[in-house]
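Residue strings, one per chain:
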Amino acid sequence: MTVHYALPTAADFTALAGLHHPSITIYASTSPVVSERERAEVAVKSSFDEAIERVKASGAPNAELEALRRERDAVIGDQQIWAGLARSIAIFVAPGFSEVFVLPNRLDDAVHVGSHFTLGQLLRAPSQDQEAFALTLSANEWSLWHATPTDRAARLDVDESHDKSLDDAINRDPENDDKPRGGKHGDRGVSGDERRKAFFELYAKRVADATRHELMQRDPDDRVPLFVFAAEPLLSLFIDRIRNGRRVVAVPGAPDRLGAAEIDEALRVQLGRLNVAEADGALRQLTEGTAGRVERDLAAIAREAADGAVEVFWFDFTTSVNGTLDRESGAIEFASGHGADEQLSDGTHAGDLLPQLALLVMAKGGKVVTVRSDDLDGTVWSGPAMAELRFALA
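As a convention, each chain's residues are numbered from 1 in the sequence order in which they are written. Only residues with pLDDT of at least 70 get local features here, since the model is predicted, and only at 80 or more are side-chain atom pairs given and counted; chain-wide, interface and lining totals rely on the full set of residues. Only hydrogens and water are set aside; all other atoms, that is, all heavy atoms of the structure, feed into the side-chain values.

Caption draft 1: Main features of helix H7 (residues 192–218). Strands are runs of DSSP state E lasting at least 2 residues, helices are runs of H or I lasting at least 4, and numbering of each runs from the N terminus. To estimate the expected span of a helix, subtract one from its residue number and multiply by 1.5 Å. Counted at 1.5 Å a residue, the expected span for H7 with its 27 residues is 39 Å, and the 39 Å between its end C-alpha atoms agrees. Per-residue accessibility, obtained with a 1.4 Å probe over protein chains only, is compared with the maximum for each type, and a residue is labelled buried under 20%, exposed over 50%, and partly exposed between these values. What H7 keeps buried is the set Phe199, Phe200, Leu202, Tyr203, Ala204, Arg206, Val207, Ala208, Ala210, Thr211, Glu214 and Leu215. For this analysis, residues touch if any pair of their heavy atoms sits within 4.5 Å. Where the residues of H7 are buried, they touch strand S6 (132–137), strand S7 (142–147), helix H6 (166–170), strand S9 (226–230) and helix H8 (234–242).

Okay, here's the thing in structure tokens:
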């Protein structure tokens, strides 16, 4: 058994792809919180028992059933797994084969039995943003946090010279020319509300400058999004001053009592929403643009993917279309029942074509984005998959 605490790689997908008969795929939501470990362990064991009963009902010989039970017992009995949970676990078991992935993103609980592993949800982890910065900002203090695909949010060490609070900003050396003053007559004629607003503006500016400085050192390409946890008026004042090439998302609310676990949980939720919004926006822009670059027919997508002509492949991980794929030619043969069954008409075992196409696109240098169709606007999404081609079709 191999346990992975990093995002799955191309080599991992290669090992999981193809025929594994009989195979069991289990996805389960988990939590790093100690008190919730038992619930996850019980849920996974229940899924295993259900899956093995389904394999037994299909007529599998006792030798295969015993092999699956051994793999189940190894997973359930590995305390290292249950002591190091993140937000999801993905388990792939066949006779003599078991791979476990502990993942940071939330996956839907699911169990599947068949001749191939179900890889759609596993592809969500590397195909979506799983890294983020967070700023928790209040008058009392501000902190920068960093969450990665493999590690929960942790507070970053920042330059000690930065103002640490609103009081610091107000009481900084008066020689600074950006300190708010009451004009040439001092504070005469300036109301308390005006002075308060001026101080908040000054504080927001200095935190924005400090944040920009700190993030530039860690992510100079502005690749990683920044989520800002703050209450008004600081939230709007800061957002107005931090806008640049980086994606910045406002998260309203008082952050002072948020600990690392709460920040990480909120970040994962916000990342999921951002991923959905960006996928929806990209699809809308694509469908409103050059129609010749959009393909929705799976057989046509497969042929284009084999030729390396697919720029981006979107597919609905909640949908399965079974069949076989020739990776060299892109030829597809659908399973019986228009892809609903798990065998071809001649009895050949069939797997889900959508992850197979995704892996082919990735191997040819294209990008894959998994979506949940229910999350998207129905006017821009239809069918199980969509492809943006590198060149418009004639």
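Having seen the model, we can carry on.
Caption draft 2: Region of the structure containing empty space enclosed by the protein. Put plainly, a pocket is an open set of points on a 1 Å grid over the protein atoms alone with protein on both sides within 12 Å along at least five of seven lines, a cavity is a set where a 1.4 Å probe fits but cannot get out, and a lining residue has an atom within 4 Å of a point. Grid points are joined across faces, edges and corners, and a volume is the space filled by probe spheres set on the points. Counted according to the given criterion, the structure contains one cavity of 30 Å³ or more. Size it by volume and the largest cavity reaches roughly 70 Å³. As for the largest cavity, its lining consists of Arg212, Leu215, Met216, Asp222, Leu226, Ile242, Asn244 and Arg246. Per element, the largest residue contribution to the lining of the largest cavity is three residues, and it comes from H7. Gly is put with the polar residues, along with every residue not named as nonpolar or charged; the nonpolar set is Ala, Val, Leu, Ile, Met, Phe, Trp, Tyr, Cys and Pro, and the charged set is Asp, Glu, Lys and Arg. In terms of residue class, the lining of the largest cavity is made up of four nonpolar, one polar and three charged.

Caption draft 3: A look at the sheet that holds strand S15 (residues 351–352). Two strands qualify as a pair provided DSSP detects at least 2 bridges between them. Reading across the sheet, the three strands line up as S14-S13-S15 and stay open at both edges, with antiparallel pairing between neighbours. Both edges of this open sheet fall to strand S14 (332–334) and S15, since each of them pairs with a single strand only. For helices, the fitted line uses only the C-alpha atoms of the stretch in contact; every axis is such a line through C-alpha atoms, and the angle between N-to-C directions lies from 0 to 180 degrees. Contacts between helix H11 (residues 353–363) and the sheet are confined to strand S13 (322–325), S14 and S15, with S13 contributing the most and set at about 30° to the helix.

Caption draft 4: Highlighting the sheet that holds strand S12 (residues 310–316). On the basis of which strands lie adjacent, the open sheet formed by four strands has the order S11-S17-S12-S16 and mixed pairing. Strand pairing shows two members of the sheet lacking a second neighbour, strand S11 (294–295) and strand S16 (367–371), which therefore form its edges. Seen against the sheet, H11 touches S12, S16 and strand S17 (385–389) and runs at an angle of roughly 160° to S12.

Caption draft 5: Here's a closer look at the pairing of S16. Most of S16 sits inside the fold, with four of its five residues counted as buried. Strand direction decides the pairing type here: S12 and S16, joined by five bridges, are parallel. What sits directly across from Phe313, in S16, is Val368.

Purely geometric stuff here, so don't read any function into it on its own.
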